[in-house]
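Close look at the chain arrangement
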Amino acid sequence: MKFTDGFWRLKDGVSIDYPREVHQIQKEEDQVVITAPERKINHRGNTLNCMLFTITLSAPVSGILRIQVEHFQGTANRGPEFDIVADVNNGILEVEETGQELIVSSGNLRAVINKQDWQISYLNSEGPLTKSGPEHLGFVKTDEGKTYLREQLDLDVNEYVYGLGERFTPFVKNGQVVDIWNKDGGTSSHQAYKNIPFYLTNKGYGVFVNHPEKVSYEVASETVSRVQFSVPGQKLDYYVINGPEPRDVLQKYTQLTGRPARPPAWSFGLWLTTSFTTDYDEETVNKFIDGMAERDIPLRVFHFDCFWMREFHWCNFQWDKRVFPDPEGMLKRLKDKGLKICVWINPYIAQQSHLFTEGRKNDYLLKKKNGDIYQTDQWQAGMGIVDFTNPEARTWYTSQLKKLLDLGVDSFKTDFGERIPVNVEYYDKSDPQKMHNYYSYLYNKTVFEFLEKEKGTGEAVLFARSGSTGSQKYPVHWGGDCVTSYESMAESLRGGLSLCLSGFSFWSHDIGGFSGEKDPDIFKRWLAFGLLSSHSRLHGNSSYRVPWAYDEESVEVARYFTKLKNRLMPYIYGKSVLASREGIPLMRAMMLEFSSDPACTHLDRQYMLGDSLLVAPVMSSDGKVSYYLPEGKWTNFITGETVSGGCWCQKQHGYMSLPLMVAPGTVLPVGDESRQADYEYSSGITFEVFELPNNEPVSGEVYSTEGELRLVVEVKKRDDQIEIRPRKGDTKSYTLLLRNIGSFSSVQGADVEQVEKGLKIIPHNVSKITVKL
């Protein structure tokens, strides 16, 4: 929201008051409270007819400062509020005062406040981060009687802004206007399903605005050297988070707002759906599943989309007996084939559903201010919306899900949750403006926690579309309605990378595009991208997404990349375990992993899968792809080609390959199982070793599907000698493959075999293996 007419003037009908000086400082055990008047106080008369800013600084976590700005403190504080996990003021707040300055510190983050001429400068041990200068913070009034609190934080030269949720607009947010307001807008517009009021910059800090309601950002778009954010009302609450590296910012932000749960290992396998408006019954489903097996394409999850229920009845949570006469028997037969089952749900109850009358009678549905049930014909005729602020409504809703679990369902696609009206009243009197975004959090929290209760920790997983701050705790999220085009493939990746810079660790998308005519070329390219993403799903709108519906080559591509992902699962799942513990995403923008490389600041058509694999999806019909490699010698995992980094590369790839580049200094655990995603990863494991640095140990780790560390192998190169030491686990339960090494002088503690890709090392039962080159 813009309040100015250019740099010098305010818009007509707008006035802004600014804090001018520090008038009073109140130091408490865990916070500092500052009063700052909107004018200089030179004599007693200046205190009359004068507004005061009350500004409170606290330290919820070391390295984070919370800044709360208030004008009138008598306004009712209606919920909801974000669930701030670590907001217990357990950071040590240090306060120092000089004649000119007040210095408030949390760990290595400092806020230096100029007492005579109001401004706050934020610094860490490496120097300045950002600044709220004179007339940056302001209380805005309009002729219509509306009020806002606005803050502006300076941007440096060559400083770039990222995050703010799953945004499909340009990856770097500089120059954009962003409203944090969930909408069902597809992947081809400025609207977003998952709006997160958090951004980070390549300078190594982040800012989280702690407001569930609409937050309006002007990212170098009103004043081009500043990020501006504003909220309606009398209060503004935000956090400045120090890194010093962008990945450190994400760790601290997710410490504050919650780390993602660890998804079950099976969920990383290939998902296939019925698609949306296609015709299907049990016979169709069996043809799909048997067709995948006959073509040797490993399938792990089958999903039933909306029409598993009868039309006009969504949601009644009852199988349409016209096409699925024996759902319990059908699900048992599918599970006997080794599949997990997912079904589609949403938080709406159609008027034709038998549950509508029950929901209306018991206050389980949102109401208008006059007491009527809020209803709309948009999506389902006469539908109401479940009021998840009512504990009994949550119990009622999950009781319907329990019946489905008892039939054999394992997971739910929690669709929708964005079209939440504001002209309603909630059971707990929550503020409808705040609930618009927060609703998606409460909806998915309800379903995920129910699944976790029923299935156990590590077995709950959703396929969710909407989200807000904290929703990362309830994975997985997918990118919504994309179309069949390379442009949509690229915008989907942009959105996913932005989301993963907003606290989310796991993300998926509809392989081949949700809408549009089937295109074999795009489908095959999207298969490689989709099966090198966190989670992988074949799903469409009005056409089936089985590979043979495209062409036989699509079958080969699907088979190859599904099996490749399954073999990479020891690595992928290990990074997923760490994501759940540390908040570092599985799919990482290049700027996150290579923050000191200026060439990485704008890269949005490639990404790191964990810290060792670079993926550059092919997004052109001629198979050409341009990508950037940071410094070092990289190896294409598929082709074995080595490339020296620090440069751009352009290659042409067939459908069975793409740039899947292994970083130098990697010990990559690769499994021997390609038929499914969940297996005993430490059994038959091979550590593939790439381009070892000299005199610097590197290691590979293998976790179990329960998230327990099972095996660690350390490798160190000393000039012409390589030492291999198992640090945890069975000393002979693994093999090694020294990639790109063609000869050796001697080996102690192992057998060695020359193979096409390098030296295969088969350990004896020893604590140390030495290879002399």
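For the structure itself, look to the data block above.
Just so you know, these numbers come straight off a predicted model, no measurement behind them. (Residues numbered from 1 in each chain as written. Predicted model: local features only at pLDDT ≥ 70, side-chain atom pairs only at ≥ 80, totals over all residues. Heavy atoms only, no water.)

A look at the overall build of the chain
Put simply, the rule reads: Each helix is a run of H or I in the DSSP string that is no shorter than four residues. Each strand is a run of E no shorter than two, and both are numbered from the N terminus. Whether a residue is buried, partly exposed or exposed follows from its accessible area with a 1.4 Å probe, protein chains only, as a fraction of its type maximum: under 20%, in between, or over 50%, in that order. Note on definitions: a residue-residue contact is assigned when non-hydrogen atoms from the two residues lie within 4.5 Å. The Shrake-Rupley method, run with a 1.4 Å probe, gives the accessible areas here. Residue values count only the displayed protein chains as cover. Charge counting treats Lys and Arg as positive and Asp and Glu as negative, with His and both chain ends excluded. A charged residue contributes its charge at one atom only: NZ of Lys, CZ of Arg, CG of Asp or CD of Glu.
The helix and strand inventory of the chain stands at 11 helices and 48 strands. Structurally, the chain occupies a C-alpha span of about 90 × 70 × 45 Å along its principal axes. Considering the chain as a whole, with its 773 residues, one finds that 62% of them fall into the buried category. Put simply, of all contacts in the chain between residues at least 6 apart along the chain, 67% involve residues at least 24 apart. Of the roughly 28,100 Å² of accessible surface on the chain, 44% is carried by carbon and sulfur atoms. Averaging the coordinates of the 87 positive side-chain charges in the chain and doing the same for the 101 negative ones gives two points 1 Å apart.

Some remarks on the pattern of salt bridges
The criterion, for reference: Salt bridges are defined by distance alone: a side-chain nitrogen of Lys or Arg within 4 Å of a carboxyl oxygen of Asp or Glu.
Within the structure shown, the criterion is met by 49 salt bridges. A salt bridge links E97 to K27, with the nearest nitrogen and oxygen atoms 3.2 Å apart. You can see E97 sitting in strand 8 (residues 93–97) and its partner K27 sitting in strand 4 (residues 24–27), a full 70 residues away along the chain. The residue R419 makes a salt bridge to D184 at a minimum N-O spacing of 2.8 Å. With R419 in the loop between strand 27 (411–414) and helix 6 (432–455) and D184 in the loop between strand 16 (176–179) and strand 17 (195–201), this pair connects stretches of sequence that are 235 residues apart. Judged by its relative accessible area of 22%, D184 is partly exposed. The structure contains a network of salt bridges with shared partners spanning D184, D415, E418, R419, R465 and D481.

With respect to the side chain of S576
With respect to the helices and strands, the residue S576 is situated in helix 10 (residues 569–582). Leave out the neighbours within four places in its chain, and S576 touches F268, F506 and L586.

What about the pairing of strand 10 (residues 109–114)?
Put simply, the rule reads: Any two strands with at least two DSSP-identified bridges between them are counted as paired.
When strand 9 (residues 101–106) meets strand 10, the two strands line up antiparallel, connected through 6 bridges. From the neighbouring strand, S105 faces strand 10, where its bridge partner is R110. Connecting the antiparallel pair strand 9 and strand 10 is a turn made up of 2 residues, with G107 showing a positive phi of about 60 degrees. Relative to strand 11 (residues 119–124), strand 10 runs antiparallel, the two being bridged by 5 bridges. Residue pairing across strands places R110 opposite L123, the latter belonging to strand 11.

What about the sheet that holds strand 30 (residues 536–538)?
Heads up, the rule is: Working convention: axes come from line fits to C-alpha atoms, limited for helices to the stretch in contact. Angles between N-to-C directions cover 0 to 180 degrees.
Across the sheet, 5 strands lie side by side as 27-24-23-22-30; this open sheet has parallel pairing. For this open sheet the edge positions go to strand 27 and strand 30, each flanked by a neighbour on one side alone. Direction aside, the axes of adjacent strands within the sheet are offset by 25 degrees on average. Relative to strand 24 (residues 340–345), strand 23 (residues 301–304) runs parallel, the two being bridged by 4 bridges. What sits directly across from F302, in strand 24, is I341.

Some thoughts on unusual backbone geometry
Here the bond from G79 into P80 is cis, since omega is 5 degrees, no more than 30 degrees from zero. With respect to the helices and strands, P80 occurs in the loop between strand 7 (64–70) and strand 8. Following G243, the chain continues into P244 via a peptide bond in cis, with omega recorded as 15 degrees. Of note, P244 is situated in the loop between strand 21 (235–242) and helix 1 (246–257). The phi torsion at F317 lies on the positive side, around 60 degrees, for a residue other than glycine. Within the secondary structure, F317 sits in the loop between strand 23 and helix 3 (327–336).

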